[in-house]
Amino acid sequence: MRIPNSAHLSHPWRIHALTSDFRLEDVWALPTPGGPDELTRLVRQMTSGSGRFSGATRALFALRWKLGSLLGWDRPGSGLGARVPTLRDGLPADLRAAAPGPGFRALPLTPVYLTDNEWAAEVANRTVHAVMHIGWVPDGSGGYRGQMAVLVKPNGLFGRAYMAAIRPLRHLIVDPALMRMIGRAWQNQDQTHHHTPPRRES
């Protein structure tokens, strides 16, 4: 479910100090109900590539990668450490010394840092430098859940036009599909964790 940007901006997240020149695109409440210490579980799930998008969403991703290949949006010189510095270069000492979390198996995102209640990963190409931020927040009913924010720094006029063009597709197709996939994977993990095999009769 998409929620107001204030749900991200009102938290004293450490990502704020690293993204003052980024624009907050949107914020989503993740369907991942849990206890106070389950962010690492969510991070492992998201980086493992568990879950499967719908056919329409897979087609959109395939189209994006095809266009990127044809137009050179994702060439090596357009990414982190080349066109733009990684956010890790600006981390304070405590975050830089800590492990940033697991790497992604299926997405071109690079982890930036991991704490007990937030995690960030970034990607850059010729269109944009973007950050996915995952926070672990109280859900208002005594439990906790994940919260995802997307922050972007478009690359010039072309980058801004690109973000404007894909925004309706993200809001109507891609991000809702991502929320459903995350929720299914989380529920499946719960069922696996709590399943007790039946006892055999002697």
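As recorded in an unreviewed UniProt entry, the protein goes by DUF2867 domain-containing protein and comes from Streptomyces lydicamycinicus.

Q: Please provide a residue-by-residue account of the overall build of the protein, values included.
A: For the protein, the count of helices and strands is 5 helices and 6 strands. Reading the helices (α) and strands (β) of the protein from amino to carboxyl end gives β-α-β-α-α-α-β-β-β-β-α. Taken across its 202 residues, the protein has 43% of its residues classed as buried. At a minimum sequence separation of 6, the contacts of the protein that also span at least 24 residues come to 64%. As displayed, the protein has an accessible area near 11100 Å², and 58% of this comes from carbon and sulfur atoms.

Q: Please give an account of helix H2 (residues 39–48) that cites residues and values.
A: The buried fraction of H2 is high, at 7 of 10 residues. Gly49 lies just past H2 and shows a positive phi near 80°.

Q: Kindly report on the nonpolar core, identifying the contributing residues and their values.
A: Judged by nonpolar contacts, the single largest core of 26 residues is most densely connected at Leu42, Met132, Ile134 and Met148. Breaking this core down by element, the ones donating at least two residues are H2, strand S4 (118–124), strand S5 (128–138), strand S6 (144–154) and helix H5 (156–194). The greatest single-element share of this core, amounting to 7 residues, is contributed by H5. Discounting residues that sit within four places of it in the chain, Ile134 has contacts with Leu30, Leu39, Leu42, Met46, Asn117, Glu118, Trp119, Gln147 and Met148. Of all hydrophobic cores here, the second largest spans 19 residues; its members include Leu91, Val112, Val131 and Val137.

Q: Quick one: what's the story with the pairing of strand S3 (residues 110–114), residue by residue and with numbers?
A: With 4 bridges connecting them, S3 and S4 associate as antiparallel partners. From the neighbouring strand, Pro111 faces S4, where its bridge partner is Ala121. The turn linking S3 back onto S4 is made up of 3 residues.

Q: An account of the confidence of the model for the protein is needed here, citing residue identities and associated values.
A: Chain-level statistics for the protein give a pLDDT mean of 85 and a share of 81% at 70 or above. Per-element confidence in the protein ranges from a low mean pLDDT of 54 for helix H3 (residues 55–71) to a high of 97 for helix H1 (residues 6–9). Note on residues 195–202: pLDDT under 50 across the span, and 0 contacts to partners over four residues away in sequence or across chains.

Q: Tell me about the sheet that holds S4, residues and numbers included.
A: For sheets, the rule is that strands pair by backbone hydrogen bonds, running either parallel or antiparallel. Taken in spatial order, the 6 strands line up as S1-S2-S6-S5-S4-S3 in an open sheet, and their pairing is antiparallel. Edge positions in the sheet fall to strand S1 (2–3) and S3, since each of these pairs with one other strand and no more. Contacts between H2 and the sheet are confined to S3, S4, S5 and S6, with S5 contributing the most and set at about 145° to the helix.

What counts as what
- Residues numbered from 1 in each chain as written.
- Predicted model: local features only at pLDDT ≥ 70, side-chain atom pairs only at ≥ 80, totals over all residues.
- Heavy atoms only, no water.
- Helix = DSSP H or I, 4+ residues; strand = E, 2+ residues; numbered from the N terminus.
- Buried < 20%, exposed > 50% of the residue type's maximum accessible area, 1.4 Å probe, protein only.
- Contact = heavy atoms within 4.5 Å.
- Areas by Shrake-Rupley, 256 points an atom, 1.4 Å probe, with all protein chains shown as cover.
- Core = buried A, V, L, I, M, F, W, Y, C linked by side-chain atoms within 4.5 Å.
- Pairing = 2+ DSSP bridges.
- pLDDT = per-residue confidence, 0-100.
- Axes fitted to C-alpha atoms, helices over the stretch in contact; angles between N-to-C directions.

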